[in-house]
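Okay, here's what each chain looks like letter by letter:
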Amino acid sequence: MSPIIFNQQILRKEEFQISIANRAFLYGDGLFESVKIINGKPFNLDAHLKRLFSASLLLHLEINVSRNDFQDDIELLIRENKIKKGGNLKILVFREEGGKYLPLNNSASCLIMSESSDKNSFSLNKKGLELGLFKIQLKPMNKLSNYKTISALQSVMCSLDARQKGKDDCLMFNTENRIIESANSNIFYVKNNIIFTPQLREGCVDGTMRNCILSLKDLDYKIVENEVKIGDILEAEEVFLTNAIQGVRWVSQIEAQQFTDQKVSQSLVDKINQLV
């Protein structure tokens, strides 16, 4: 069985046990990060740890290890699991047991898991994604919405709706009925040689791949963060989704509206792979 790291201790998966009083289990009281491994190295790890530690301050979670310790543990786990090419990491930080809605303390436990993958770089999807619209549950516009919390029922419900509709994913709306993201990705669209994406204050996740794209140099396109209405998306020339594991994925259809362009999506994939 592949080793894991729990509170800086290497364990076999079968050795790890969770208490029935665990707050992640009872209340979804915690955070998570998903990190892609390329050539045996965690890609964009600084961005993930920055978001994790920023979110922990918001939730009053006391992480008792430094970012450097986290990085050392991650590199150790990758070596222990003999991942020399592609893979994925999952980092979970959750409040230690005690209390009900009001915790007895703010100390946090940290769990790191990894697995190998045959995908050792980012590549554009050959078949475009078909998306629906998820309007049953609107996402709040607050700071918590920018982070990856263990309590992810909004994304779960959106994913279930996509499956029921026979779609690859669905787009989610905020409480002002503006588009913010999909179940597992940030959204971008292209119009008149400008790339648009929702602002963070709209309630989307502060995605690490989103930030990677925003920080790319020598782009042939201007990037604008704005409020996005459904009409803006449907009138776009190109639409794509981004996340840390799958990179950039182009969209071929939203409801009945079809898209064929993928030039910008491919150019972004090429530039991101140059960062590895």
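Here, the structure is the one placed above.
What comes next concerns the included structure.

Cut-offs and rules
Residues numbered from 1 in each chain as written. Predicted model: local features only at pLDDT ≥ 70, side-chain atom pairs only at ≥ 80, totals over all residues. Heavy atoms only, no water. Helix = DSSP H or I, 4+ residues; strand = E, 2+ residues; numbered from the N terminus. Rg over C-alpha atoms; globule rule 2.2 N^0.38 Å. Buried < 20%, exposed > 50% of the residue type's maximum accessible area, 1.4 Å probe, protein only. Contact = heavy atoms within 4.5 Å. Areas by Shrake-Rupley, 256 points an atom, 1.4 Å probe, with all protein chains shown as cover. Lys, Arg positive; Asp, Glu negative; His and termini not counted. Charge placed at Lys NZ, Arg CZ, Asp CG, Glu CD. Salt bridge = Lys/Arg side-chain N within 4 Å of Asp/Glu carboxyl O. Pairing = 2+ DSSP bridges. Axes fitted to C-alpha atoms, helices over the stretch in contact; angles between N-to-C directions. Core = buried A, V, L, I, M, F, W, Y, C linked by side-chain atoms within 4.5 Å. Polar contact = N/O pair within 3.5 Å; in protein donor to acceptor, adjacent residues only side chain to side chain.

**Examining the overall build of the chain**
Looking only at helices and strands, the chain features 7 helices and 15 strands. Computed over its C-alpha atoms, the radius of gyration of the chain comes to 19 Å, within 12% of the 19 Å expected for a compact globule of 276 residues. Looking at the 276 residues of the chain, the share that counts as buried comes to 49%. Across the chain, every contact between residues at least 6 apart in sequence was considered, and the portion connecting residues at least 24 apart equals 70%. Total accessible area on the chain is roughly 14100 Å²; 49% of this is exposed by carbon and sulfur atoms. Charged side chains of the chain number 35 positive and 34 negative; the gap between the two group centres comes to 1 Å.

**Quick word on the pattern of salt bridges**
Tallied over the full model, the rule gives 12 salt bridges. Among the salt bridges present, the one from aspartate 29 reaches arginine 23, with a minimum N-O distance of 2.8 Å. With relative accessibility at 10%, the residue aspartate 29 sits in the buried group. Between glutamate 225 and arginine 210 there is a salt bridge, with the nearest N and O atoms lying 2.7 Å from each other. Remark: arginine 210 occurs in helix H5 (residues 208-214) and glutamate 225 occurs in strand E12 (residues 222-226); sequence separation between them is 15 residues. When its relative accessible area of 1% is taken as the criterion, arginine 210 is described as buried. One salt-bridge network, in which partners are shared between bridges, spans Arg12, Glu14 and Glu15.

**Details of the sheet that holds strand E4 (residues 41-42)**
Taken together, the 6 strands give an open sheet; going across it, the order is E2-E1-E6-E5-E3-E4, and neighbouring strands pair in antiparallel fashion. For this open sheet the edge positions go to strand E2 (9-12) and E4, each flanked by a neighbour on one side alone. Bridge analysis of strand E1 (residues 3-6) against strand E6 (residues 108-117) gives 2 bridges, and the strand direction is antiparallel. Counterpart to phenylalanine 6 in the pairing with E6 is leucine 111. Relative to the sheet, helix H2 (residues 45-58) contacts strand E3 (30-38), E4 and strand E5 (86-95), its axis offset from that of E3 by approximately 175 degrees.

**Quick notes on the nonpolar core**
Core analysis: the largest hydrophobic core is formed by 25 residues, its most contacted members being Ile63, Phe70, Leu89, Ile91, Val93 and Ile112. Counting only elements with at least two residues in this core, the list comes to E3, H2, helix H3 (67-80), E5 and E6. Among the elements that take part in this core, H2 stands out by supplying 5 residues, more than any other. Look past the residues within four positions of valine 93 in its chain and what remains in contact with it is Gly30, Leu31, Leu52, Leu61, Ile63, Phe70, Ala108, Ser109, Cys110 and Ile150. Ile195, Met209, Tyr221 and Val264 belong to the second largest nonpolar core, which has 19 residues in total.

**With respect to the side chain of asparagine 22**
Locating asparagine 22 in the fold gives a position in the loop between E2 and helix H1 (23-27). Within the local environment of asparagine 22, its side chain forms a polar contact with the backbone nitrogen of phenylalanine 25, the two atoms lying 3.0 Å apart. Once residues within four sequence positions are removed from consideration, asparagine 22 is found in contact with Phe94 and Glu97.

**Examining the pairing of strand E8 (residues 169-174)**
Buried residues dominate E8, accounting for 6 of its 6 residues. Where burial is concerned, the two faces of E8 agree: the one with Asp169, Leu171 and Phe173 and the one with Cys170, Met172 and Asn174 are both buried. Here strand E7 (residues 129-139) runs beside E8; their pairing, made up of 5 bridges, is parallel. Residue pairing across strands places lysine 139 opposite asparagine 174, the latter belonging to E8.

So far we have only geometry, and geometry alone does not tell us how the molecule works.
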